[in-house]
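Listed below, chain by chain, are the residues.
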Amino acid sequence: KDAAPLTALAQALAALDTPGAVRAFLEDLCTPAELEAMADRWRVVPLLLKGVPYREIHDLTQVSVTTIGRVARTLERGAGGYAAALRRQQGRSAAH
């Protein structure tokens, strides 16, 4: 499959310089269900990295255990994007 459209989307996101601008772009681009799915995945990343058990993550977030497992597998075998974004986010919050 042609990677150019995904690269163009990544470049558009990278060009946005504030969380508000990124949020507006995502709200225009995605359905409410897609946004909820992405937000759910992102919410469980720090909990998984801290070693919180799946059932406890589910109880804390109401995210399905299936989704939590999928995110955990992506953390182990994915492209490294979750960890890179979390490092950047933590680096920024530590600097403020």
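Each value, and the rule that gives it
Along each chain, numbering runs from 1 in the same order as the chain's sequence is written. The model is predicted, so local features are restricted to residues of pLDDT at least 70 and side-chain atom pairs to those at 80 or more, both for listing and for counting; the totals for chains, interfaces and linings are taken over all residues. Hydrogen atoms and water are omitted, and side-chain values are computed over all heavy atoms in the structure. Patch definition: residues with relative accessible area over 30% and no salt bridge; like charges joined within 9 Å; nonpolar side chains (Val, Leu, Ile, Met, Phe, Trp, Tyr) joined within 5 Å. Methods summary: accessible areas were calculated by the Shrake-Rupley approach with a probe of 1.4 Å, and residue burial reflects only the protein chains presented. Only one rule defines a salt bridge in this text: a Lys or Arg side-chain nitrogen within 4 Å of an Asp or Glu carboxyl oxygen. Counting rule applied: Lys, Arg positive; Asp, Glu negative; His and chain ends not counted. Where a charge lies is defined by one atom per residue type, namely NZ (Lys), CZ (Arg), CG (Asp) and CD (Glu). Secondary structure elements follow DSSP: runs of H or I no shorter than four residues count as helices, runs of E no shorter than two count as strands, and numbering proceeds from the N terminus. Only buried residues count toward a nonpolar core. Its members are Ala, Val, Leu, Ile, Met, Phe, Trp, Tyr and Cys residues joined through side-chain atoms within 4.5 Å. Summary of the burial criterion: residues with accessible area below 20% of their type's maximum are buried, those above 50% are exposed, and those between are partly exposed, where the area comes from a 1.4 Å probe applied to protein chains only. Pairs of residues are marked as contacts when any of their non-hydrogen atoms sit within 4.5 Å. The method works on a 1 Å grid over the protein atoms by themselves. A cavity is a set of points holding a 1.4 Å probe that cannot get out, a pocket is an open set with protein on both sides within 12 Å along at least five of seven lines, and residues with an atom within 4 Å of a point line them. Grid points are joined across faces, edges and corners, and a volume is the space filled by probe spheres set on the points. Within a predicted model, pLDDT stands for the predictor's per-residue confidence, ranging from 0 to 100.

(A) Representation of a positive patch on the surface within the structure. A contiguous patch of positive charge, built from R41, R70, R73 and R77, is present on the exposed surface. Tallying contributions element by element places helix α5 (residues 65–77) first for the positive patch, with three residues. In this structure, R77 sits in helix α5.

(B) Highlighting the nonpolar core. In this structure, V44, V45, L47, L48, V52, I57, V63, I68, V71, A72 and L86 together form the largest nonpolar core, which totals 11 residues. Taken together, the elements giving at least two residues each to this core come down to α3 (32–49) and α5. Of the residues forming this core, the biggest block, four residues, is contributed by α3. Sequence-distant contacts of I57, defined by excluding residues within four places in its chain, comprise V44, L47, L48, V52, Q62 and I68.

(C) Structural context of the layout of surface pockets. The computed volume of the largest pocket comes to approximately 1600 Å³. Every residue lining the largest pocket is counted, 33 residues in all, and those nearest its centre are L13, V22, L26, W42 and A85. If you list the elements that add at least two residues to the lining of the largest pocket, you get α1 (4–15), α2 (19–29), α3, α5 and α6 (81–95). No other element matches α6, which puts eight residues into the lining of the largest pocket.

(D) Molecular detail of the confidence of the model for the protein. For the protein, per-residue confidence averages 94 on the pLDDT scale, and residues scoring 70 or more make up 98% of the total. Mean pLDDT in the protein bottoms out at α6, which sits at 85, and peaks at helix α4 (residues 54–61), which reaches 98.

(E) Spatial organisation of the environment of V63. Along the polypeptide, V63 turns up in the loop between α4 and α5. Overall, V63 belongs to the buried group, its relative accessible area being 2%. Sequence-wise, V63 and R43 are 20 residues apart; in three dimensions their C-alpha atoms are separated by 8.7 Å. Contact partners of V63, with chain neighbours within four places excluded, come to D40, V44, H58 and I68.

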